[in-house]
Every structure is written in structure tokens, then in C-alpha cells.
2 protein chains.
Amino acid sequence: ILFLVYSAMAKSSLIEPDGGSLVDLLVPESERAMKISEAESFPKLTLTKIDLEWVHVLSEGWASPLKGFMREAEYLQSLHFNSLRINDGDPLVNMSLPIVLAIDDDAKLRIGSSTTVALLAPDSHLVATLTSIEIYKHNKEERIARTWGSTSPGLPYVEEVILPSGNWLIGGDLLVLDPVEYNDGLDHYRLSPKQLRIEFDRLGADAVFAFQLRNPVHNGHALLINDTRRKLLETGYENPILLLHPLGGFTKADDVPLRVRMEQHRKV
Amino acid sequence: ILFLVYSAMAKSSLIEPDGGSLVDLLVPESERAMKISEAESFPKLTLTKIDLEWVHVLSEGWASPLKGFMREAEYLQSLHFNSLRINDGDPLVNMSLPIVLAIDDDAKLRIGSSTTVALLAPDSHLVATLTSIEIYKHNKEERIARTWGSTSPGLPYVEEVILPSGNWLIGGDLLVLDPVEYNDGLDHYRLSPKQLRIEFDRLGADAVFAFQLRNPVHNGHALLINDTRRKLLETGYENPILLLHPLGGFTKADDVPLRVRMEQHRKV
């Protein structure tokens, strides 16, 4: 679990996003047709389900200030400093996990000297483009050792995602042509940072406290949540709002499925 | 090799040490007898040759702003961020290598609830004390993985220093009672940062460029050194001074010995 308190005496929407401005990589409706038509001539890469989830994370600014999959300079900062500063003078942002896209030797050959690629969902429909690309070596042992502090067998993300992936990483500026949806009946719960800011303002929040969890809510969680609300009220906030944030995507194999957890959260 | 250029339009001694002030952990002469007498009642730890070299590094401020072997908060910062900030608000300093002192289970037991220990050189003479100590777990796999980005066998410092060392790390404030000397006929070359600053001022340096190397000086090095001097003169400096800095201590098994390299440097 992760427990965060964001607070401001003014509107919650006034809190600065990491890196200063909200990242939104979805192409404006007016440019969509043109961008899609352009992308037809680009070399194509088919994403895995997990790659597509990272496109989602990046596209709505959850990995702000990143504006695409990491190029090597960003990757090495994340790996060595657990932090990211994209341009000299920018504020330093926590970024302990590299957000990268792996490709294999064949894909690298197919891309050749192209500076752009089109990204296809696992079902082959066009999702996004990556421009001003950079391809660099995927040193898996170093990535694993520096991310986990261990190279012992049995780490699920290592064995299921990293080891089977390609020997190269491709970074660049991401432009999302088609918003990522999961069509699992839960998409209406998936608010973007921009939508959340609007919602917090609508609710008149003067503080937002977030509770992120991988499991059903239990009594200990409820105690923490209520206690935080009480402390915020005592501190002088008048309308603290809870953001209950269940983790989707890659969780443990024996975790309660997201759909069941959402149903439980709804009832709670 | 490492190649650094420090420059200032004013005296080189005006360049700020990492962290703001020069670290000097040698006890003042006037307090020495008292501190030595105090240390007699402390639990004793016998240092390895390499531990003693780290005491030397720490005592003269080469690892500024560190004032002793790392406590856990400093160790984790170094391991995870390759950087160090000792107190909130301090400047962030590069520190990619943990400077730690390992002890075994017996030593931990012997220290018990003592908050101070005395450090003995390999020949058993009293060298230093460590006060306000903190003992914490030495997770060797994590240390190796995060420092080298690899856990592959064959890394000399890993196999010769880390793996045979104890399962605990001890951090604290270091006070050096007896300046570290090697009695190898080369001690007069080993200037402290404080002595170097005095020397640069004496020479009237308006820029200092440092050349650190593990090998004898070869023609490529000489070219780099002369080229740097030329560029500094072109930039407007009038008296750039070279700091030629051969590495002692832990080097590769087949490296040319320090004594031979010093002889060569002297001739050059």
C-alpha cells in the first residue's frame, strides 16, 4: 500500500504536477485524422498488454514529466538516481522505475533509419506514434540489479516481462491517437489526472488524501483512512476528499481480481 | 581514469568543498591524550587494511560531507540515489559508493549496548573512535546489485572485500586519534585537501585541473594534460595548476605498483 497526503489551503487543482505542467499526450480531435494517416507509412511495432498499460500511464501524465518511453539519458537517470530531471534547471522528480519499451533484433532491423514508429495494440489496431526515436541497448542484468537490488530468480515482473523482452529499448515522444480503454466494464472508474482535478474542484476539496491499494479494503485500511480524515479536519481543512486508488495492471498472481475489488470498494 | 576541471576566477581555495565546509576529523593535539584515555574503555574493533584506507579517506574530508562511516539513512541514500544529503536543506552531493564498515556477529555481540567503539589498525594500535554508533543489516546482495548493476562472479572488490566481510554495518561519527600513515616512503606525497588548498594558494593558481589515474602516465595522458592547460590559458586563466593524482589503495592485481608509478610520475 501507498499512503499519500496532498494538501493546499487553496483549490486542489492548484497543486503543481511533477515537473510543473500536466502531461496529456492524447492528440487533439482536430488533428487525429491527419496523424493517423501519417502513421500509416511508419514502421509498426505491436505492443504487449503491459506495454499498452504503460502507454496509458504515460498518455494521461501519471508519469509526469515523462512525455514518452524513456530515451537512454532518462533511463540511466532513473536507474542510477531513482530520479529524473529532463532538462537542466528543471526540478528533480522521483522516478524509481524505468518506463521503457523493449524491442527485439527483428524490430530494430525493420525500423532501420526511420525516426518514427507506429505503435499497435495487441489486437493490431493503431494506438500511438513515437517520434524522434532513440534505440539503445537493453542491458537486462543491470536493469534488474539496479531496480530490485537483486538478481535472484522468482521476481514475477522480471521473469514474465523483462527476461522474455527484446535486447533493445526504444524511447521517444509519444502521441496517443486512440485513448487506451480496457472494455472490462470498469473504464468509467479510470479518471485521468486532468479529470480528477476537475472532480476535486467540483467537490470543493481543500485537501485530497490518496489511498492506493492492491487488495480489498480491510478494517486496518478503514482506520487509517478515517484517522487521516480526522487529522486533516483538526489541522483546519474543512473538506478533505479521499482518493481511493485500487491498483490495476500487473499485480500478484494470487491477488483478488480488479473487478471483484472494484465491486467491494463500491459497496464500502 | 577520471578527468576533472575545477575553476574559479579567484583563489582556488575559495572553491566550496562538497557540502559547504572542509571535513577534518583529526582530533586537535590538545585533546588527544584525553580522547585516547577515554577510548581505552570502549569495545575494540580491529580494522582490515582496506577499512583503514577508508578511515584515511574520511578523516581528511575526501568523502566530504561525510563525517564518519555511513549510518543506514546515508547508506540507503548512496545506494538508491547515488547522492547524499545529510540534513534537510543541505545541497545534494554525488556519492555513488557506500563508505561503510562491516562487522561480524561476534563483534556486534561484543559491542552490545555501547554507543561508542574504538578502531584499531591491523597492527592493533589505536587509530580512531566511532561515536553515536548505529548498527544495521549488511544486505550484501543488494549492496552489490545496486553498486555494480550486476551480481556476476569475478568482481574483485566484491569477492575480496564485500563477500568475506561481516553481516552488519556500523556507522557513526569518526574521530581520528592518530593520523593514518603508510610508512611506505610515499607519505610525503599524500597531501590532505586542506594541505592542497594551501599549496594551490602558495603557487598562485587561478585554476586547478586534476588528472587521476591508476596507471603510469602515457603519451595520451600527456596530450590530454597539455591540451587542458592550453584551453585554460585560452579561456583567460593565467596560472592553471595540474593536480596529478595517482590512485593508491585497492587497484587491479596486475596494475603497476604505486611505488613504481610514483617514481615514474616524479621523473615525468
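Cut-offs and rules
Residues numbered from 1 in each chain as written. Chains lettered and ligands numbered in written order. Predicted model: local features only at pLDDT ≥ 70, side-chain atom pairs only at ≥ 80, totals over all residues. Heavy atoms only, no water. Helix = DSSP H or I, 4+ residues; strand = E, 2+ residues; numbered from the N terminus. Rg over C-alpha atoms; globule rule 2.2 N^0.38 Å. Buried < 20%, exposed > 50% of the residue type's maximum accessible area, 1.4 Å probe, protein only. UniProt positions renumbered as here; feature names shortened; annotations may be inferred. Domains from an automatic or database assignment. Contact = heavy atoms within 4.5 Å. Buried area = accessible area lost by both parts, 1.4 Å probe. Salt bridge = Lys/Arg side-chain N within 4 Å of Asp/Glu carboxyl O. Polar contact = N/O pair within 3.5 Å; in protein donor to acceptor, adjacent residues only side chain to side chain. Nonpolar A, V, L, I, M, F, W, Y, C, P; charged D, E, K, R; others polar. Phe/Tyr/Trp six-rings, centres within 6.5 Å; stacked < 30°, edge-to-face > 60°. Lys NZ or Arg CZ within 6 Å of the ring centre and 35° of its normal. Pairing = 2+ DSSP bridges. Axes fitted to C-alpha atoms, helices over the stretch in contact; angles between N-to-C directions. Parallel < 35°, antiparallel > 145°, perpendicular 65-115°, else oblique. Left-handed = near helix turned anticlockwise from the far one by under 90°. Arc of directions from axis to C-beta. Expected span 1.5 Å × (residues − 1).

Overview of the overall build of chain A
Argument step 1. Each helix and strand in chain A was counted, giving nine helices and 10 strands.
Argument step 2. Whereas a compact globule of 268 residues would reach a radius of gyration of roughly 18 Å, chain A reaches 20 Å, a difference of no more than 12%.
Argument step 3. Each principal axis of the C-alpha distribution contributes one length, and for chain A these read about 60 × 50 × 40 Å.
Argument step 4. Each of the 268 residues in chain A was classed as buried or not, and the buried ones make up 42%.

Notes on the UniProt feature "domain: ATP-sulfurylase PUA-like" (unreviewed entry) in chain A
Argument step 1. The feature "domain: ATP-sulfurylase PUA-like" (unreviewed entry), as given by UniProt, occupies residues 15–178 of chain A in the numbering adopted here.
Argument step 2. For residues 15–178 of chain A, helix accounts for 34% and strand for 21%, while the C-alpha atoms at its two ends are 28 Å apart.

Looking at the domain arrangement of chain A
Many structure descriptions define interface size as the accessible area lost when the parts assemble.
Residue and element names in this part refer to chain A.
Argument step 1. Each assigned domain of chain A is listed here: domain 1 (27–176) and domain 2 (187–267).
Argument step 2. Each of domain 1 and domain 2 was reduced to a C-alpha centroid, and the two centroids are 28 Å apart.
Argument step 3. At the junction of the two partners, domain 1 supplies 10 residues and domain 2 supplies seven residues.
Argument step 4. Considering only the side of domain 1, the residues that lose the most area to domain 2 are Glu53, Glu60 and Trp62, jointly responsible for 59% of the buried surface there.
Argument step 5. Inspection of the region where domain 1 meets domain 2 yields zero salt bridges.
Argument step 6. Remark: the boundary between domain 1 and domain 2 carries zero residue pairs in polar contact (both at pLDDT 80 or more).
Argument step 7. Among the elements of the structure, α2 (49–59) and α6 (156–162) are those that each provide at least two residues to the side of domain 1 that touches domain 2.
Argument step 8. By residue class, the composition of the side of domain 1 that touches domain 2 is five nonpolar, two polar and three charged.

Focus on the interface of chain A and chain B
Argument step 1. Facing the 16 residues of chain A at the interface are 16 residues of chain B.
Argument step 2. The largest contributions to the chain A side of the interface with chain B come from Phe81(A), Arg146(A) and Gly149(A), which together make up 39% of the buried area.
Argument step 3. For the interface between chain A and chain B, the tally reads zero salt bridges.
Argument step 4. Every element with two or more residues in the side of chain A that touches chain B is listed here: α3 (72–81) and α5 (140–148) of chain A.
Argument step 5. The element that contributes the greatest number of residues to the side of chain A that touches chain B is α5(A), accounting for six residues.
Argument step 6. The class makeup of the residues in the side of chain A that touches chain B is four nonpolar, nine polar and three charged.

Considering the packing of aromatic side chains
All names here are of chain A.
Argument step 1. Here the structure, examined in full by the defined rule, presents four aromatic pairs over all chains.
Argument step 2. Each ring, one from tyrosine 75 and one from tyrosine 136, has its centre 5.6 Å from the other, and the planes form 50 degrees; the classification is tilted. Of the two residues, tyrosine 75 is situated in helix α3 and tyrosine 136 in strand β7 (residues 126–137); the sequence distance between them amounts to 61 residues. As far as the burial class goes, tyrosine 75 and tyrosine 136 line up, both buried.
Argument step 3. The ring of tryptophan 168 is capped by lysine 108, whose NZ or CZ atom sits 4.5 Å from the centre of that ring.

Re the UniProt feature "domain: Sulphate adenylyltransferase catalytic" (unreviewed entry) in chain A
Argument step 1. With numbering matched to this structure, UniProt assigns "domain: Sulphate adenylyltransferase catalytic" (unreviewed entry) to residues 188–267 of chain A.
Argument step 2. Span residues 188–267 of chain A is 46% helix and 18% strand, its end C-alpha atoms 16 Å apart.

With respect to the sheet that holds strand β6 (residues 117–120) of chain B
All names here are of chain B.
Argument step 1. Read from one edge of the open sheet, five strands run β2-β6-β7-β8-β5, paired in mixed fashion. Each edge of the open sheet carries a strand with a single partner, namely β2 (44–46) and β5 (102–103).
Argument step 2. Taken together, the two bridges between β5 and strand β8 (residues 168–176) define a ladder with antiparallel strand orientation. Residue pairing in the sheet places isoleucine 103 in a bridge with tryptophan 168 of β8.

Side note on the sheet that holds strand β2 (residues 44–46) of chain A
Residue and element names in this part refer to chain A.
Argument step 1. Within the open sheet, the five strands sit side by side as β2-β6-β7-β8-β5. Their pairing is mixed. Two strands bound the open sheet, and with one partner strand each, they are β2 and β5 (102–103).
Argument step 2. Examined bridge by bridge, β2 and strand β6 (residues 117–120) share three bridges and lie parallel to one another. Across the sheet, residue leucine 45 finds its bridge partner in β6, namely leucine 119.

Some points on the packing of α5(A) against helix α5 (residues 140–148) of chain B
Packed helices, taken two at a time, are described by their axes: the angle between them and the distance between them.
Argument step 1. Relative to each other, α5(A) and α5(B) sit at 125 degrees, their axes nearing to 7 Å. With respect to α5(B), the axis of α5(A) lies oblique. Along this stretch, α5(A) crosses α5(B), giving a crossing that reads as left-handed. Residues Ala145(A), Arg146(A), Thr147(A) and Trp148(A) of α5(A) touch α5(B), and the partners they reach there are Ala145(B), Arg146(B), Thr147(B) and Trp148(B).
Argument step 2. Taken together, the residues of the contact of α5(A) with α5(B) break down into four nonpolar, two polar and two charged.

Considerations on helix α9 (residues 258–267) of chain B
Along an α-helix, residues three or four positions apart point the same way, because every turn accommodates 3.6 residues.
All names here are of chain B.
Argument step 1. Taken together, the buried positions of α9 are Leu258, Arg261, Met262 and His265. For α9, the angular spread of the buried residues around the axis is 100 degrees, confining them to a single face. Looking at α9, the residues exposed on the side facing more than 90 degrees away from the buried face are Arg259 and Lys267.
Argument step 2. Close packing links the buried residues of α9 with β9 (207–213) and β10 (240–246).

Focus: helix α8 (residues 219–235) of chain A
All names here are of chain A.
Argument step 1. Taking 1.5 Å of rise per residue, the 17 residues of α8 would be expected to cover 24 Å, and the 24 Å separating its terminal C-alpha atoms lies within 8% of that figure.
Argument step 2. The set of residues buried in α8 consists of His221, Ile225, Thr228 and Leu232. Each buried residue of α8 sits inside an arc of 65 degrees when the element is viewed along its axis, so together they form one side. Those residues of α8 that are exposed and aimed more than 90 degrees away from the buried face are Asn219, Leu223, Asn226 and Glu234.

Topic: the pattern of salt bridges
Residues and elements named next belong to chain A.
Argument step 1. Overall, the coordinates contain 22 salt bridges over all chains when judged by the stated rule.
Argument step 2. Across the pair aspartate 24 and lysine 194 runs a salt bridge whose closest N-O atoms are separated by 2.7 Å. Within this pair, whereas aspartate 24 is found in the loop between β1 (2–7) and α1 (29–39), its partner lysine 194 is found in helix α7 (residues 193–202), the two being separated by 170 residues in sequence.
Argument step 3. Measuring nitrogen to oxygen at the nearest pair gives 2.9 Å for the salt bridge that ties aspartate 184 to arginine 190.
Argument step 4. The class for arginine 190 is partly exposed, based on a relative accessible area of 24%.
Argument step 5. Linked through salt bridges whose partners overlap, the residues forming this network are Asp227, Arg230, Lys231 and Glu234.

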